[in-house]
Each structure stands twice: as C-alpha cells, then as structure tokens.
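# Secondary and tertiary structure notes
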Amino acid sequence: MNYKAVFNIIFRLLLVEMALMLLPVVVALIYGEDPSAFLITIAAVTALSGIGLFLSRGDKRIYPREGFVIVALSWVIMSAVGAVPFVISGYIPSFVDAFFETVSGFTTTGATILTDVEALPLSLLFWRSFTHWVGGMGVLVFIMAILPLSNVRSVHIMRAEVPGPTKSKLVPKMKSTAVILYSIYVVMTLVEIILLICGGMPFFDAVVHSFGTAGTGGFGIKNNSIAYYDSAYIQYVISIFMLLFGVNFNLYYFLLIKDIKSIFKSEELRWYLGIAVTAAAVIAINISHLFSNFGESVRYAFFQVSSIMTTTGFSTTDFNQWPSLSKGILVLLMFIGASAGSTGGGMKVSRIIIGVKSVFSEIKRLLHPRSVRTIRLDGSVLDDTAVRASMIFCFAYLVLTSIMSLIVCFDGYDMVTSFTAVVACISNIGPGLELVGPVGNFAMFSAPIKVVLSFAMLLGRLELFPILMLFLPSTWRRT
C-alpha cells in the first residue's frame, strides 16, 4: 500500500470540499445568516490539509488496491468533514446524527434524521442538497475533472467509484471522460432549474430540488417534500428528470455525437423504461380508487415509480397508505434501481438483465446439455468473468441486506420498518415503509444503528467492495 499517494489525494479532495463549502457561505451572506459554522470548518480543515499535503509528498504511483482505498476512505472522510458545520451551528448537535445526514447527502440516499427540516437556515439546506449534486456523479470523478491526475491514476479511481458492472471510457483519457460526464451533468441540472422556475417554483427551491433530482438524492426543503408544491407541472418535470438522471450517461454522450444506433442498441435502456412504464401503469390502476380521477392516479404513480426506481426518494403522497400490491412493486423497484453509469443506486438494471438471462441459459443447458450457451448484452457476448462478477455482487448485496436488517431489529421496531430501512439505505433511496415511510424519518433509531445504516449507505453507493476492502488486513500491507 502506497500510503503517501493515498493520503495525498485525500487531502487534495478535502481542499476541494472546502472550496465547495464557500458556496453555502455565499448563500448565508445573501440571506443574512451567520456563516461562521462553515468558515470555522474551512479554516481548520484547510490548515490540516496543507500540513497533510506537505507530509505526503513523494511517490504518487497508485494501483487498483490504492484506487479502491482512496475511493472508500475519501467518501468516509469527506462525509465526516461535511458534517462539522451541522454540529458547530447547533442544528444537529449530535455528530452521529450529522454524520448520518451528510453520508445520506453524499451517497444521494436522502434518508434524514430531521423532524423539522424547515427549521434549518437556508445555507445549511443548500449545503445539505449540494452534497447530493456533488455525490451524484461521484466526488472522485469531480476531482479528476478539475485536478491534474495522470491517466493511470485516474483509471483505478474511476473503476472503483463509477457504479455498475461496466465502466467504459468515452474517450481515451479518463480526465476527458470525467469532464464530458460533468459537462452533461451540469447542463441537465441547469435545464431543470429553468423549467422549475418557469413552473412558478422560487429560485432557491428550484436550485436545491434540481440538485436532489440530478444526484437522485431526494433531500427536500419542505417537511412534506414535493407535495408542498401542489402543481402537476412541477411534479411532472421532476418525474421526467428523475428518469433522465437514472439513464446511463454514456447514452447522452452518444446522443451528442449523433450515434443514435448505440442508443437504440442499449438493452438496459429498453428494460429500464419498460420496467418503469409497466410499474407505473399497474400502480396507477391499483390506486385509482384513492383519487378523484385516473389522471391524478397516473401522475402520483409515475412520480413515485420514477422516484423509487431511480433511488431519488422524493415523494408527493404517503405511499405507505397505498394497497399492498403497489407497495410491493415499490419494494421490488428499490432492489432493481437505475441504470449502470447513472447517478441512481440499487442493484442496477444491467445486473438484473444478466441475472434473468443466466437463469434462462441454465434452464436451456439442462434441457440440451451439449449445446453451447452464451449470454449477450447489447449484442455483445459477455465473458464468464462479467457474469460471475454480477452474480457475486447480487449475492453479496442480498446477504449484507439480510445481516444488517437483523442488526437493525435490535432497536425493537417492526420487521417492515427495520427491513425497508436497510433496503432504503443500501439502495440509496431514502424512504422505506411504516415508520421510515415518506412521512417518517430515521431519528428514532439509536446511535449504533444509525452508524450501521450509514455504513449501508456507503456500501450501496460504492457498490460494496471498496468499503469491504477496508476491513481486509491484506489491503493495508505495504508493497
């Protein structure tokens, strides 16, 4: 393990985080609030990072192991530092609570311990939602876009952080790929802000909700989330953009270079949209008796399917009161999640496709033992390594979810609450069912359980293995 290279990048990341923290300082000054919580954090962390950079000078070579450790430690440390302003300001005095809230922000989960979010000053609300936007595309991808890193160093970092079973480069250099991804990300965010303002949403509200939509995070600034804005236009705009941000960003690049063939070739896109439309249609029919007309049931069903499948977590109604069929569909969507290479969480649609095709391939192999079977995705044959990796991920995902659900049960809440709390965290969704439903929160859990749920959020966002590697002694051996 090249410790100097690892901590050199982490300290550089902290300096970037402090630069980003200047934005809520500006918000505080604009709205006449006290920015001291942010200024104290910026001053202290900048000084410590400067010392750290001086001490970590030297060999900068990194390999896959260093790449995974850099990604995992960066997310943990960045979340811990990002929680400090909440503690200093006194609005979230418990560091465990503040850490949970900040992890939920950076991992774009949207689970909260706040019982009255409207009591927070606008600067803290801005920082809370801005963590979604930064974490959505990936904090290390952001670093690669703005800092001079060699392509060898970049490739190991990007492979460890970008979600999904495939992590292809758009262009030969990883830095250029990062710049392209963030450029698309910024433009789409700006378009949503403009559309929300056109629908009558105040400027500040439009900005923070666009951050939450872009990062598929779900932090709102109103106690009843998007339901506060009783506007079909606003709800449809957010619904559509949640779906758009759940699409593999590689496809947007193909759209820019007019490679339409590659877009239509994407099986994952067809499955993703097919699952979303089918789920919304079934739920709309199932809940139609709860609303005055079928158009309303379609709107609410479409919004919640978009929100849950893309793991955003916004809500326009208490779906905890919906029929069992609708709630069951939403729980299944929690596991499926969005597309690989998007800002969404979950197991990813591409892994579901591989799993389904593997099952049918095995059935056909049993019927015709001498036949040679291959699994294809987007017309290309997947090698055994890719299929094996997807199956191992799905198995580990389910095992870890089960173990953490049992641990959360020690707090004594009902099984649905405990289980969906873990699923909502490891899939980076936010709301679950029962006590952690769309009108509930995670405040009632004990401090140790909040740490477990924070761990679940980090596991889900970084696709399990970078975080798990931190617990292997062999990871830390010097080479």
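Residues numbered from 1 in each chain as written. Predicted model: local features only at pLDDT ≥ 70, side-chain atom pairs only at ≥ 80, totals over all residues. Heavy atoms only, no water.

### Quick look at the side chain of Glu101
Looking at where Glu101 falls in the secondary structure, it is placed in helix 6 (residues 95-106). Using a relative accessible area of 1% as the deciding quantity, one classes Glu101 as buried. In terms of polar contacts, Glu101 uses its side chain to reach the side chain of Arg128, at 2.8 Å. Once residues lying within four places of it in the same chain are set aside, the contact partners of Glu101 are Ile92, Ala111, Thr112, Ile113, Leu114, Arg128 and Phe219. (Helix = DSSP H or I, 4+ residues; strand = E, 2+ residues; numbered from the N terminus. Buried < 20%, exposed > 50% of the residue type's maximum accessible area, 1.4 Å probe, protein only. Polar contact = N/O pair within 3.5 Å; in protein donor to acceptor, adjacent residues only side chain to side chain. Contact = heavy atoms within 4.5 Å.)

### Quick notes on the side chain of His209
Looking at the element boundaries, His209 is found in helix 11 (residues 203-214). Accessibility expressed as a relative area gives 1% for His209, which makes it buried.

### A word on the environment of Leu269
Of note, Leu269 is situated in helix 15 (residues 267-286). The spacing of Leu269 and Trp476 is 207 residues in sequence and 39 Å in space, taken between C-alpha atoms. In this view, Leu269 contacts Val247, Leu251 and Ile263; residues no more than four positions away in its chain are not counted.

### Observations concerning the pattern of salt bridges
All told, the structure shown has 6 salt bridges when counted by the stated rule. Put simply, Glu101 and Arg128 hold a salt bridge, and the shortest N to O gap is 2.8 Å. Residue Glu101 is found in helix 6, and its partner Arg128 is found in helix 7 (residues 122-137); the two are separated by 27 residues along the sequence. Residue Arg128 is classed as buried on the basis of its relative accessible area of 3%. With a closest N to O distance of 2.8 Å, Arg351 and Glu463 form a salt bridge. Separated by 112 residues along the polypeptide, Arg351 in helix 18 (residues 349-367) and Glu463 in the loop between helix 21 (447-461) and helix 22 (465-469) bring together distant segments of the chain. Of the two residues, Arg351 and Glu463, neither departs from the other in class, the shared state being buried. By sharing partners, the salt bridges in this structure join Lys348, Arg351 and Glu463 into a single network. (Salt bridge = Lys/Arg side-chain N within 4 Å of Asp/Glu carboxyl O.)

### A few points about the nonpolar core
Among the nonpolar cores identified, the biggest contains 140 residues, and Phe249, Leu333, Phe442 and Leu453 are the most heavily contacted of them. Considering every element that reaches this core, the biggest residue donor is helix 1 (residues 3-20), with 9 residues. With sequence-adjacent residues up to four places away left out, Phe249 is seen in contact with Met137, Leu181, Ile184, Tyr185, Met188, Gly341, Ser342 and Thr343. (Core = buried A, V, L, I, M, F, W, Y, C linked by side-chain atoms within 4.5 Å.)

### With respect to a nonpolar patch on the surface
Together, Phe395, Val399, Ile403, Ile407 and Phe410 make up a nonpolar patch on the protein surface, roughly 530 Å² of accessible area in all. Structurally, Ile403 is set in helix 19 (residues 384-408). (Patch = residues over 30% accessible without salt bridge, like charges linked within 9 Å, V, L, I, M, F, W, Y side chains within 5 Å. Areas by Shrake-Rupley, 256 points an atom, 1.4 Å probe, with all protein chains shown as cover.)

### Overview of the packing of helix 19 against helix 20 (residues 415-426)
Contact geometry of helix 19 with helix 20 gives a least axis separation of 8 Å together with a crossing angle of 135 degrees. In terms of their interaxial angle, helix 19 and helix 20 are classed as oblique. Like other packed secondary-structure pairs, helix 19 and helix 20 cross with a definite hand, here right-handed. Facing Tyr397, Leu400, Thr401, Met404, Ser405 and Val408 of helix 19, the residues of helix 20 in contact are Ser418, Phe419, Val422, Val423 and Ile426. Considered class by class, the residues forming the contact of helix 19 with helix 20 number 8 nonpolar, 3 polar and no charged. (Axes fitted to C-alpha atoms, helices over the stretch in contact; angles between N-to-C directions. Parallel < 35°, antiparallel > 145°, perpendicular 65-115°, else oblique. Left-handed = near helix turned anticlockwise from the far one by under 90°. Nonpolar A, V, L, I, M, F, W, Y, C, P; charged D, E, K, R; others polar.)

### Remarks on the packing of aromatic side chains
If you walk through the whole model with that rule in mind, you get 30 aromatic pairs. Centre to centre, the rings of Tyr182 and Tyr185 are 5.5 Å apart; their planes meet at 85 degrees, and the pair counts as edge-to-face. Separated by 3 residues within a single helix, Tyr182 and Tyr185 lie in helix 10 (residues 174-198), roughly one turn from each other. We note that Tyr182, like Tyr185, is buried. By the ring-pair criterion, three or more aromatic residues cluster together here, those being Phe106, Phe126, Trp127, Phe130, Trp133, Tyr182, Tyr185, Phe211, Phe241, Phe245, Phe249 and Tyr252. Its guanidinium or amino end placed over the ring of Tyr228, Lys222 lies 4.6 Å from that ring's centre, counting from NZ or CZ. A cation sits over an aromatic face here: Arg299 above Tyr300, 5.0 Å from the ring centre. (Phe/Tyr/Trp six-rings, centres within 6.5 Å; stacked < 30°, edge-to-face > 60°. Lys NZ or Arg CZ within 6 Å of the ring centre and 35° of its normal.)

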